[in-house]
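Analysis of the macromolecular model
Spelled out, the chains give:
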Amino acid sequence: MSSHQTTQTMKPATAAKKLGVYLEATPAEFQEGVVSRAELNALQAEPPEWLQELRRNGPHPRPVVASRLGVSIAGLARGGVSEALTTEQIDALRDEDPEWLRRERATQAEVRKEAARIKEKHAEQAAKRS
C-alpha cells in the first residue's frame, strides 16, 4: 500500500480569517479560488504587497478592529460597529474616545482581570494537589 497524500485546501474565507484580513478587500483571484496549506504558509512567510497593504491600512475584519480598540467583538456590536473599519477609522475612533468605547474597554479590563484571577486560582489548586 502506498500512502497517497492529498493537498489540504481551504475556502478563501478561512484563509482570510487565518491571515487576519477582510475577505471582501482581498484580490478577486484570492476570493474565487481555494488556498492550499502551502500557499497559506507562503503568504504568511512572505506576504505580497496587497496583503501587507491590507494588514497596514485595512479594511480590517471585526476581530482585528476589536483587538486594536481593546474591546470584545460583542462590545463592538454594542457600540454600533458592525462593518469592517480602516486603520484611519480605528485611529479616529480612538481619538474621539466615545463613551461606549471607554465603557467597553473597562469591561474588557475587568474580564481580563477575572480571567487572570481564575487562572491563578487553578494554578494554586494544581500545585496543592501535586
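The written sequence of each chain sets the order in which its residues are numbered from 1. Where totals are concerned, whole chains, interfaces and linings use all residues; where local detail is concerned, this predicted model gives features only for residues with pLDDT of at least 70, and gives and counts side-chain atom pairs only at 80 or more. Side-chain measures here rest on the full set of heavy atoms in the structure, leaving out hydrogens and waters.

**Side note on the overall build of the protein**
- To qualify as a helix, a DSSP run of H or I must reach at least 4 residues; to qualify as a strand, a run of E must reach at least 2; elements of each kind are numbered from the N terminus. The number of helices and strands found in the protein is eight helices and two strands.
- Taken from the N to the C terminus, the helices and strands of the protein come in the order β-α-α-β-α-α-α-α-α-α.
- Taken over the C-alpha trace, the protein has a radius of gyration of 20 Å; the compact-globule value for 130 residues is 14 Å, which it surpasses by more than 25%.
- The C-alpha extent of the protein, read off along each of the three principal axes, is 50 × 50 × 25 Å.
- Counting across all 130 residues of the protein, residues that qualify as buried make up 28%.
- Sequence separation of at least 24 residues holds for 54% of the intrachain contacts in the protein that already meet a minimum separation of 6.
- Computed with the Shrake-Rupley method and a 1.4 Å probe, the accessible areas treat only the protein chains shown as cover for residues. For the protein, the accessible surface area stands at approximately 9,000 Å², while carbon and sulfur atoms represent 51% of it.
- Only four residue types enter the charge count, namely Lys and Arg as positive and Asp and Glu as negative; His and the chain termini do not. By convention, charge coordinates are those of NZ in Lys, CZ in Arg, CG in Asp, or CD in Glu. Positive and negative side-chain charges in the protein, numbering 20 and 19 respectively, have mean positions lying 11 Å apart. The quantity called the radius of gyration is restricted to C-alpha atoms. Its globule counterpart is 2.2 Å times the number of residues to the power 0.38. Burial here depends on accessible area, computed with a 1.4 Å probe over protein chains only, as a share of the maximum for the residue type. Under 20% is buried, over 50% is exposed, and the range in between is partly exposed. Contacts were defined at the residue level, with two residues in contact if any of their heavy atoms lie within 4.5 Å.

**Some points on helix α5 (residues 62-69)**
- Those residues of α5 that sit buried are Val-64, Val-65, Ala-66 and Leu-69.
- Where α5 is buried, its residues meet α6 (73-78), α7 (87-96) and α8 (99-129).
- Just beyond α5, the residue with positive phi is Gly-70, at close to 75°.

**Some details on the pattern of salt bridges**
- For this document, the term salt bridge refers to a Lys or Arg side-chain nitrogen within 4 Å of an Asp or Glu carboxyl oxygen. Within this structure, the stated rule accounts for 10 salt bridges.
- The partner of Glu-49 in a salt bridge is Arg-56, with the nearest N and O atoms 3.4 Å apart.
- By relative accessible area, which is 52% here, Glu-49 ends up exposed.
- A salt bridge links Arg-102 to Glu-99; the nearest nitrogen and oxygen atoms lie 2.9 Å apart. Of the two residues, Arg-102 and Glu-99 both sit in helix α8, three residues apart, roughly one turn of that helix.
- Ionic contacts of the salt-bridge type, sharing partners, join the residues Asp-97, Glu-99, Arg-102, Arg-103 and Arg-105 into one network.

**Remarks on α7**
- Along α7, the positions that sit buried rather than exposed are Thr-87, Ile-90 and Leu-93. For α7, the angular spread of buried residues about the axis comes to 125°, placing them on one side. Among the exposed residues of α7, those oriented more than 90 degrees off its buried face are Glu-88, Asp-95 and Glu-96.
- Contacts made by the buried residues of α7 are with α4 (49-57), α5 and α8. What the arc covers is the set of directions going from the helix axis to the C-beta atoms.

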